[in-house]
Amino acid sequence: MSIEAERQVIGGLLLDNETIDKFPYLSPEMFSDAHLGKAFYAFMVGRKKREEVSFLTLAESLKTETTEDDEIFAKLKACVTDTYTSSQASSAARIVWNEWRAKRYKELLDYRMVDATRIDDDIDDLLSGLTLLRIVPSQAKTLSQIVEEYQGDYFCERNIPNLDTGLQQLDEILSGM
């Protein structure tokens, strides 16, 4: 199921690059297919640079010495043909997110070796890992989204007049600072 969902995410992004804003909680390492993860990263970079990512530019960015062009085009074609609308990408992104969370959950539980001398630390590590997995995707925001949201309030130039200290000589020395 995951590979179809991953294809739908990339297909939705190919149909509409702006769709990436609907799932800021996804990251390239959440994709089980390395090429699709790399494709998702290309969309993230394109969004950051405010550049459109097309089928051809995406195919070009996925080229490696060991990957044939036909293989890349076949994967991208499958992404487009598996996706009918860009809105499908949102539900597919939830599937990718949940499958990644399930995998991480299993890793957290399988990795644990109980050591009586470190039991408190082990419990803290496990709880921290589980807490991170509980973050609701709709609440997660990227740094660029946070900056965009608050830019008008905090990131604006203001004309602040010189500050008088009350000490005339010091004011003259420091004037213009």
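Each value, and the rule that gives it
Each chain has its residues counted from 1, following the order in which its sequence is written. With pLDDT at 70 or above as the cut-off, local features in this predicted model cover only qualifying residues; side-chain atom pairs require 80 or more to be listed or tallied, and sums for whole chains, interfaces and linings still use all residues. Note that the side-chain values use all heavy atoms of the structure and ignore hydrogens as well as water. Runs of E in the DSSP output that reach at least two residues are strands. Runs of H or I that reach at least four are helices, and both are numbered from the N terminus. Working definition: with a 1.4 Å probe on protein chains only, accessible area under 20% of the residue-type maximum means buried, over 50% means exposed, and in between means partly exposed. Counted as a polar contact is a pair of N or O atoms within 3.5 Å, where, for protein atoms, one must be capable of donating a hydrogen and the other of accepting one, and residues adjacent in sequence contribute only when both atoms are in side chains. Under the pairing criterion, centres of Phe, Tyr and Trp rings, with the six-membered ring standing for Trp, must be within 6.5 Å; the plane angle then separates stacked pairs below 30 degrees from edge-to-face pairs above 60, leaving the rest tilted. Multiplying 1.5 Å by the residue count of a helix minus one yields the expected span of that helix. Note that the arc is computed from the directions linking the helix axis to the C-beta atoms. Should any heavy atoms of two residues lie within 4.5 Å, those residues are considered in contact. Within the patch definition used here, like charges are joined within 9 Å and nonpolar side chains (Val, Leu, Ile, Met, Phe, Trp, Tyr) within 5 Å, considering only residues with over 30% relative accessible area and no salt bridge. Each accessible area is a Shrake-Rupley result for a 1.4 Å probe, and residues are judged covered by the shown protein chains and nothing else. Put simply, a salt bridge is a Lys or Arg side-chain nitrogen that is within 4 Å of an Asp or Glu carboxyl oxygen.

Q: Quick one: what's the story with unusual backbone geometry, residue by residue and with numbers?
A: Positive phi is not limited to glycine here, since Arg50 has a value of about 60°. Residue position: Arg50 is located in the loop between α2 (34-49) and α3 (55-62).

Q: Requested: an account of the side chain of Ser27, with residues and values cited.
A: With respect to the secondary-structure elements, Ser27 resides in the loop between α1 (2-15) and α2. For Ser27, a relative accessible area of 14% puts it in the buried group. Side chain to side chain, Ser27 and Glu29 meet in a polar contact 2.7 Å long.

Q: Quick one: what's the story with the packing of aromatic side chains, residue by residue and with numbers?
A: For the coordinates displayed, the defined rule picks out five aromatic pairs. Ring geometry for Tyr25 versus Trp97: centroids 5.3 Å apart, planes at 70°, classification edge-to-face. Here the residue Tyr25 occupies a position in the loop between α1 and α2, and Trp97 occupies one in helix α5 (residues 88-111), the gap between them amounting to 72 residues. For Trp97, a relative accessible area of 6% corresponds to the buried category. Cluster of aromatic residues (ring-pair linked, three or more members): Phe23, Phe31 and Phe40.

Q: Describe helix α4 (residues 69-81), listing the residues and the values that go with them.
A: Relative to the 18 Å expected for 13 residues at 1.5 Å per residue, α4 spans 18 Å between its end C-alpha atoms, a close match to the ideal helical length. By the burial criterion, the buried members of α4 are Ile72, Leu76, Ala78 and Cys79. Take α4 and look down its axis: the buried residues cluster within an arc of 150°, on one side only. Residues Asp70 and Lys77 are exposed on α4 and point more than 90 degrees away from its buried face. For α4, the elements touching its buried residues are α1, α2 and α3.

Q: Give a detailed account of a nonpolar patch on the surface, specifying residues and quantitative values.
A: Taken together, the side chains of Val114, Ile119, Ile123 and Leu127 present a nonpolar region at the surface, about 380 Å² in accessible area. With respect to the helices, strands and loops of the structure, Ile123 is situated in helix α6 (residues 119-133). Judged by relative accessible area, which is 42%, Ile123 ranks as partly exposed.

Q: Run through the side chain of Thr67, naming residues and quoting values.
A: Summarising the element assignment, Thr67 is placed in the loop between α3 and α4. Within the structure, Thr67 has its side chain in polar contact with the side chain of His35 (distance 3.4 Å). At a separation of 2.6 Å, a polar atom in the side chain of Thr67 contacts the side chain of Thr64.

Q: Go over the environment of Glu51 with me, naming the residues and quoting the values.
A: Note on placement: Glu51 falls in the loop between α2 and α3. Distance in space between the C-alpha atoms of Glu51 and Asn17 is 9.1 Å, their sequence separation being 34 residues. Excluding residues that lie within four positions of it along the chain, Glu51 makes contacts with Asn17 and Gly46.

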